Amino acid sequence: MKKTNFISIQDTIAIHLRAAKDVNKVAPGFLFAISLYSIVKAISPYATIWMSAQLINELAGLRRPEVLGQWVMMIIGVTVVIELIKAVLERWQNVKESLFYSQYQILYSDKFLSMDFADSDKQETRDLFTQILQSSNWAGWGYNYLSMYVCWSVEAIAGILGALVLTISLFTQKVPESAGSLTLLNHPLFVVGIFGILLMITMVGPALSGKATSIWGDMAEESRLGNRMFSHFQWYLTENKEKAMDIRMYHQLDISEHYSTIPMFGVGSHYAKLCATTIGGYIGLGRAMSAILSGVVYVFVCLKALGGAFGIGSVTQYVSAVTNLTGNVSTLLQTVSHMRTNAGFLKRVYEFMDIPNSMYQGSLTTEKRADRNYEVEFRDVSFKYPGSELWALRHVNMKFKVGKRLAIVGENGSGKTTFIKLLCRLYDPQEGQILLNGIDIRKYRYDDYMNIFSVVFQDFQLICQPLGANVAGSMKYDRERVFKALKDAGFEERLATMEKGLDTMLYKDLSEDGVDVSGGEAQKIAIARALYKDAPFIILDEPTASLDPIAEAEIYSKFNDIATDKTAIYISHRLSSCKFCDEIAVFHDGAVIQQGTHAELLAQKDGKYHELWNAQAKYYTETQKNVK
Ligand code: ADP
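Small disclaimer: the values here were computed from a predicted structure and weren't measured.

How should I be thinking about the site of the ligand in this particular structure?
The full set of residues close to the ligand is Asp121, Tyr385, Ala392, Glu411, Asn412, Gly413, Ser414, Gly415, Lys416, Thr417 and Thr418. Within the backbone of Gly415, one N or O atom sits 3.1 Å away from an oxygen atom of the ligand. The backbone of Lys416 places a nitrogen or oxygen atom 3.0 Å from an oxygen atom of the ligand. In isolation the ligand offers 570 Å² of accessible surface; the protein chains occlude 60% of this area. Broken down by element, the shell around the ligand gets its largest block of residues, three residues, from helix H13 (residues 416-423). Along the lines of polarity and charge, the residues of the shell around the ligand split into two nonpolar, six polar and three charged.

How should the sheet that holds strand S2 (residues 391-399) be read in this particular structure?
Strand pairing in a sheet relies on backbone hydrogen bonds, with the paired strands running either antiparallel or parallel. Strands sit in the order S2-S1-S4-S5 across an open sheet of four strands; the sheet is antiparallel. Whereas interior strands pair on both sides, the edge strands pair on one side only; in this sheet they are S2 and strand S5 (439-440). Sheet analysis places strand S1 (residues 376-384) next to strand S4 (residues 431-436), joined by five bridges and oriented antiparallel. For Phe378, the partnering residue across the bridge sits in S4 and is Ile434. Taken strand by strand, H13 contacts S1, S2 and S4, and its axis lies near 115° from that of S1.

I'm lost on the pairing of strand S10 (residues 591-596) in this one. Help?
Look at any regular strand and the pattern is simple: side chains alternate between the two faces of the sheet. Note that strand S9 (residues 583-588) and S10 share five bridges and pair antiparallel. Along S10, the bridge assignment pairs His588 with Ala591. Counted between consecutive antiparallel strands, the loop separating S9 from S10 contains two residues, among which Asp589 sits at a positive phi close to 45°.

Could you clarify how one ought to interpret the pairing of S1 in this entry?
Pairing analysis gives five bridges linking S1 to S2, with the strands arranged antiparallel. Among the inter-strand pairings, Glu377 is bridged to a residue of S2, identified as Lys399. Between the end of S1 and the start of S2, which pair antiparallel, lie six residues, with Gly387 showing a positive phi angle near 85°.

It is not clear to me how the nonpolar core should be interpreted in this structure. Could you clarify?
The nonpolar side chains of a soluble globular protein tend to be buried with one another. Core analysis: the largest hydrophobic core is formed by 46 residues, its most contacted members being Leu467, Val471, Val482, Leu486, Val517, Ile525 and Tyr609. Ranked by residue count, the leading element in this core is helix H18 (residues 519-533), at eight residues. Residue assignment places this core across two domains, with domain 2 (371-452 + 537-628) and domain 3 (461-534) each supplying three or more. Excluding residues within four positions of it along the chain, Tyr609 makes contact with Val409, Leu575, Ile584, Val586, Gln594, His598, Leu601 and Leu602. Core analysis: the second largest hydrophobic core is formed by 34 residues, Phe383, Phe400, Leu423 and Met450 among them.

Reading the values: the criteria
Numbering of residues starts from 1 in each chain and follows the order in which that chain's sequence is written. Per-residue local features of the predicted model are confined to residues with pLDDT of at least 70, and side-chain atom pairs are confined, for both listing and counting, to 80 or more; whole-chain, interface and lining totals are unaffected and use all residues. Values shown for side chains rest on all heavy atoms present in the structure; no hydrogens or waters enter the calculation. To be near a molecule or strand, a residue needs just one of its heavy atoms within 4 Å of it. We call two N or O atoms a polar contact when they sit within 3.5 Å, provided that within protein one can donate a hydrogen and the other can accept it, with sequence-adjacent residues counted only if both atoms are side-chain atoms. What sets the accessible areas is the Shrake-Rupley method with a 1.4 Å probe; for residues, cover comes only from the shown protein chains. Counting from the N terminus, the helices are DSSP H or I runs at least four residues long and the strands are E runs at least two residues long. Basically, the charged four are Asp, Glu, Lys and Arg, the nonpolar ten are Ala, Val, Leu, Ile, Met, Phe, Trp, Tyr, Cys and Pro, and anything else, Gly included, counts as polar. Strands are labelled as partners when DSSP assigns at least two bridges between them. What makes two residues a contact is simply this: any of their non-hydrogen atoms within 4.5 Å. Between N-to-C directions, angles cover 0 to 180 degrees, with each direction set by a line fitted to C-alpha atoms, over the stretch in contact for helices. Remark: nonpolar core denotes a set of buried residues (Ala, Val, Leu, Ile, Met, Phe, Trp, Tyr, Cys) joined through side-chain atoms within 4.5 Å. Only protein chains enter the area calculation, which uses a 1.4 Å probe; residues under 20% of their type maximum are buried, those over 50% are exposed, and those in between are partly exposed. These domain limits were set by an automatic method or by a database of domain assignments.

Written out as structure tokens, the structure reads:
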């Protein structure tokens, strides 16, 4: 079994303080609210214990009615006030808590959005993040425990202080001489002995249960595969509409059922066996020792009362105070050992959060040009994906002509999408330069640079939000402009069928009257979103892939209206859809091997374009023959 690396107390505290700062950013005041509530919760029982002891002492002693009455009134009054304060604080804490649970994921999404795209796209980053999520789902390891630690430790510290105040007189009140041999209890050795026992109760139990927790924590590695399979298969049928048909068709449920029979967590698993032996053994032994040692302290308290050191009421006070004292010290120590285990998980969280941004971030702002005269040029650009030996692009030279339509064609894997990723600076090339108006794009502020592009990626994503918000990328938007963008993208007719117009919720995931749109319709909405952004460059990556021939023809015929004075880049492996472009660049094995108009390229009989064109034309002719 892999052991969790040793983490010192200082490091444990430091990493939790850092986590607390982060939590405070997304849920301000949450940890403070918990602290306040925990203090009141910890101290309130002592008020009742102390007042009840006075009441019982009076009952067992002088029994004066007016004094008894005063204590009863006091107990009721103080209890009511304390409960009221507790209720208010608890409510406040709960409100803050719900904010925390709904907000702390923002820490991760912010990180994902701010890290270099190349890092967010790496498998190791995804694996690390999956581990973080799985540990969190498995037992709340990571940020989730922070609120518990604040609650446990503040309550324990306040409880210890309260208990100490009520316990001191147990040692200072002497057994009177008249009690004979019981006066032995006044001997200082007894005080030291009882303190020793108290110390043992508080140390041994938590030490043993800490061992159990750390074995549990060490299981994270082993349980990772189980959790991974669980989260992978859990929602396969219920949440994943896209996969549902394949699962039915090919009986894929059998495969998931096979995995569910692997006893990762069930009876007979390594985990279950450990719980029944070592983990359970440590916890049981710890509890038994605490119970026995507490019994010794109770005997001491009772013997002192028997000797006449204090009244019967004080016995209840000391027994409760001692129980609370040991309980709270145990809680504190257990919290620390739990935090030590959690520190290992938080280390993973910060391994992720601290992934550095290594891409150079320039500070130049792009010129705002009304004439949209932005010259972009690829100058001898070569690029390999991180971890790959193969050049995905090699010696690419390309200058975009302002306001013109450029088509990029080529077989699958020829480098078309990589070219766009570099253009959008999702990656930086290893060799060569990409220039905007003669200046290396690395020197511009990234946000500013991105503002000149609207891209419709092949695997674009729409979200379960109203149609208008999807197009505008914001909840507040200019309805006229959104409407125009949808119209230009060819969505006008479909929009007319939507009762709620721009307020129609897309998809049914979040709303019963949400509307499911087809692949082609979704693509038109994505195009409208790109148009609404109104950037000088519009890039469409395989925009007609999921459109039917009529919709495809509609997009082509409208393309000039859509692109207006923008520079348009149009990626496709269907050559017939590129004919209308001013220029066509043919990619092959990461290089631009031909460039020209459709007619020029077709005239080069031994060129790739001619070969691809004929292959596709043949396919279309054959398809048409078959259809006939
Ligand atoms: P196209 O868009 O023309 O189909 P791509 O630009 O997607 O081609 O791919 C070009 C080459 O880069 C291919 O060999 C592909 O396997 C490789 N490639 C694409 N994405 C990645 C990636 N994330 N990591 C490693 N290699 C990649």
